[in-house]
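Residues per chain, in single letters:
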Amino acid sequence: MAFRLRLTPRDSSFYGMFTAAAENLVTATDLLGQFVHEHTLREELAGRLRDLEHAGDQATHAIFRQVNSSFVTPFDREDIVALASQLDDVMDAIEAAADLVLLTHLGTLPAEMGQQVALLQRCAIVTAESMPRLRSMKDLADYWIEVNRLENEADKLYRRLLSRLYSGEFDALEILKLKEVADQLEEAADAFEHVAHVVETIAVKDS
Amino acid sequence: MAFRLRLTPRDSSFYGMFTAAAENLVTATDLLGQFVHEHTLREELAGRLRDLEHAGDQATHAIFRQVNSSFVTPFDREDIVALASQLDDVMDAIEAAADLVLLTHLGTLPAEMGQQVALLQRCAIVTAESMPRLRSMKDLADYWIEVNRLENEADKLYRRLLSRLYSGEFDALEILKLKEVADQLEEAADAFEHVAHVVETIAVKDS
Amino acid sequence: MAFRLRLTPRDSSFYGMFTAAAENLVTATDLLGQFVHEHTLREELAGRLRDLEHAGDQATHAIFRQVNSSFVTPFDREDIVALASQLDDVMDAIEAAADLVLLTHLGTLPAEMGQQVALLQRCAIVTAESMPRLRSMKDLADYWIEVNRLENEADKLYRRLLSRLYSGEFDALEILKLKEVADQLEEAADAFEHVAHVVETIAVKDS
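Residues numbered from 1 in each chain as written. Chains lettered and ligands numbered in written order. Predicted model: local features only at pLDDT ≥ 70, side-chain atom pairs only at ≥ 80, totals over all residues. Heavy atoms only, no water.

For chain A, the name recorded in an unreviewed UniProt entry is Phosphate transport regulator, with Modestobacter roseus as its organism. UniProt, in the comment section headed Sequence similarities (unreviewed entry), describes chain A in these words: "Belongs to the UPF0111 family." (UniProt positions renumbered as here; feature names shortened; annotations may be inferred.)

(A) Summary view of the relation of the copies chain C and chain B. Mapping chain C onto chain B is achieved by rotating through 120° and translating by 0.0 Å along the same axis, at an RMSD of 0.0 Å. In symmetry terms, the pair is related by a three-fold rotation axis. Within chain C, the C-alpha atom positioned nearest to the axis of rotation is that of C:A172, 3.6 Å from it. Here only 10% of the interface residues in chain C have copies in chain B that are interface residues too; the copies meet through unlike faces. (Least-squares fit on C-alpha atoms with pLDDT ≥ 70 in both. Contact = heavy atoms within 4.5 Å.)

(B) Representation of the interface of chain C and chain B within the structure. Counting residues at the interface gives 20 residues for chain C and 15 residues for chain B. For the pair chain C and chain B, the summed buried area comes to about 1,600 Å², and 60% of that belongs to carbon and sulfur atoms. Counting every contact that joins chain C to chain B gives three salt bridges. C:D99 serves as the salt-bridge partner of B:R159, at 2.7 Å between the closest nitrogen and oxygen. For the pair chain C and chain B, the number of links is four residue pairs in polar contact (both at pLDDT 80 or more). Those elements giving two or more residues to the side of chain C that touches chain B turn out to be α2 (42-69), α3 (77-103) and α6 (172-206) of chain C. Ranked by residues supplied to the side of chain C that touches chain B, first place goes to α3(C) with eight residues. (Buried area = accessible area lost by both parts, 1.4 Å probe. Salt bridge = Lys/Arg side-chain N within 4 Å of Asp/Glu carboxyl O. Polar contact = N/O pair within 3.5 Å; in protein donor to acceptor, adjacent residues only side chain to side chain. Helix = DSSP H or I, 4+ residues; strand = E, 2+ residues; numbered from the N terminus.)

(C) Local environment of the confidence of the model for chain A. Residues and elements named next belong to chain A. With 94% of its residues at a pLDDT of at least 70, chain A reaches an overall mean of 90. For chain A, the element scoring lowest by mean pLDDT is helix α2 (residues 42-69), at 90; helix α4 (residues 111-130) scores highest, at 97. A low-confidence stretch, residues 1-11 stays under pLDDT 50, and its non-local contacts, those more than four residues away or across chains, total eight contacts. (pLDDT = per-residue confidence, 0-100.)

(D) Here's a closer look at the side chain of A:Q116. By the secondary structure assignment, A:Q116 is in helix α4. Discounting chain neighbours no more than four positions away, the residues touching A:Q116 are A:L157, A:Y158, A:L161, A:A182, A:L185 and A:E186.

(E) Focus on unusual backbone geometry. In this structure, A:M137 takes a positive phi of about 60° despite not being glycine. Assignment of secondary structure puts A:M137 in the loop between α4 and α5 (140-169). Residues other than glycine seldom take positive phi values, yet B:D139 does so here, at roughly 60°. When you line up the elements, B:D139 lands in the loop between α4 (111-130) and α5 (140-169).

(F) Structural view of the packing of aromatic side chains. All names here are of chain B. The full count for this structure, using the stated rule, is three aromatic pairs over all chains. A ring pair is formed by Y15 and F75, whose centres lie 6.2 Å apart and whose planes are at 70°; its orientation type is edge-to-face. Here Y15 is found in helix α1 (residues 13-37), whereas its partner F75 is found in the loop between α2 (42-69) and α3 (77-103), with 60 residues between them in sequence. Assessed through its relative accessible area of 8%, F75 is described here as buried. Over the face of the ring belonging to F35 we find R42, whose NZ or CZ atom lies 5.3 Å from the ring centre. (Phe/Tyr/Trp six-rings, centres within 6.5 Å; stacked < 30°, edge-to-face > 60°. Buried < 20%, exposed > 50% of the residue type's maximum accessible area, 1.4 Å probe, protein only. Lys NZ or Arg CZ within 6 Å of the ring centre and 35° of its normal.)

(G) Examining the pattern of salt bridges more closely. A full pass over the atoms with the stated rule returns 29 salt bridges over all chains. In this structure, B:R50 and B:E95 form a salt bridge, with 3.9 Å as the shortest nitrogen-oxygen distance. Of this pair, B:R50 sits in helix α2 while B:E95 sits in helix α3; the two residues are 45 residues apart in sequence, bridging distant segments of the chain. The partly exposed category is assigned to B:R50, whose relative accessible area is 34%. Residues joined by salt bridges that share partners form a network here, namely A:R50, A:E95, A:D99 and C:R159.

(H) Local environment of the relation of the copies chain A and chain C. The two copies are related by a screw operation: chain A maps onto chain C through 120° of rotation and 0.0 Å of translation along the axis, at an RMSD of 0.0 Å. Here only 10% of the contact residues of chain A are again contact residues in chain C; the copies associate through non-equivalent surfaces.

In structure tokens:
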């Protein structure tokens, strides 16, 4: 609120690194959106997600190295590590969801899964928009409130999907396969919420 | 140990907020206890658990807002956030367990599930009793030792339940459904232990 | 990097306690290796793992007590608690995996499970080797990079196992049982990675 003098120059490149990581998640959720609806391109799309996930790993480790080599960091070192790890967890869950569809040989997916992915796309967009705001620490509450809201939506949708899975329409083996995928999508939503929690922690310390 | 002068007034309303959140868990585990044993009232009891869970969400966010607006907090801001989040996680798991029973259309539940819920009731009671003691930081070790003990009991019980599920008495579909519920009850026990871990962390920092 | 004067004597017994806990994990993963391959000795080996797990619980609580009674600790109290907890989580998952094999009455296990356990053995060895290095804070990056690599391997192996489980070779009930065990082994690998993350956090704060 009040004017504050920054006595030490702060390494600002972290903002760019977090923004890039979150923008990768926008790309990943878009690919996953296509993957869910398209049958024929699944192998190719899963391959691109795998590449994105590798790129994400590199980016995460670049952030870790930067933490180690920076004399001053814009926020607590452990929060930087946590934020990078949680963004990486989102990517891991997205890539795993696609891979599990392939390795369980699932065909057409329930419509609720397309809706799960649409929520993940929203989460990715608001996350990517919020990362540059870490610099000013302004308007971050809007972001984490929106992610919490989206995660609540995702929870409800996940329950609706479970309800359908156990409705009698599917046999035990199909339920098992579909649950593998649904659980990863749910994990991706949870991981987006964890990212928001870290941002909230950073903002709380700064306030 | 030694006499310590408090130089700053500390905002004490957090104690009341945590106590209220933990008392909500006592109510929730009592409702879940009825839910497990009664067939006819399940829809109504699940509805009341849903209302409690919403109230819990409000309470959690009230704590978050309080953290942001308080100039001085009685313990580290991030521990307050963690404690509120973990208490919320317990409520979420309890509400989810009841909802999953309804949406998988389960009838009579194995006796072991009633025992799981009885352990959760004990966890809720000792947690609610300990929250006011955060003010004095006295006798908290008794609380977390007891919760660790109860969580160990819950683990053993969960294994006994799994052993029964795989005994040949149930088919794959029934096992899947019962496991959905059992896993949520186990998650609630784990979340109680996480609450105790946060309290331990707070006490360790204070000591 | 630079020469640093230690103004306070630091309690060094934590290094020994962490090393002992990690060496217990080397023993546990060795027992699990035998367990996976031998049929006839499973009851006995599971009993020995149960004893080790109890010993691990004692060791964890000894570390917690030491944190409380030490005036000065070699690194942040909450990181000591986190490190002890995560080492304990590895042991819990290993013991659970063996117990689940017994209580689901599984016979010969897929070769991929033996490979999962071999990776856990590697994780345990590099973890036990790194613990004494917490004293000097030297060469720890090698350790956590190696654990991250092993955990990536474990992820790939887990996926390969899932792919086999859903290949049509197994029925739904067998898949359920095998997944219980595979998930615990995967959890053990994740827990080793969490140990490495705590070590990384400690090293980052120290740097």
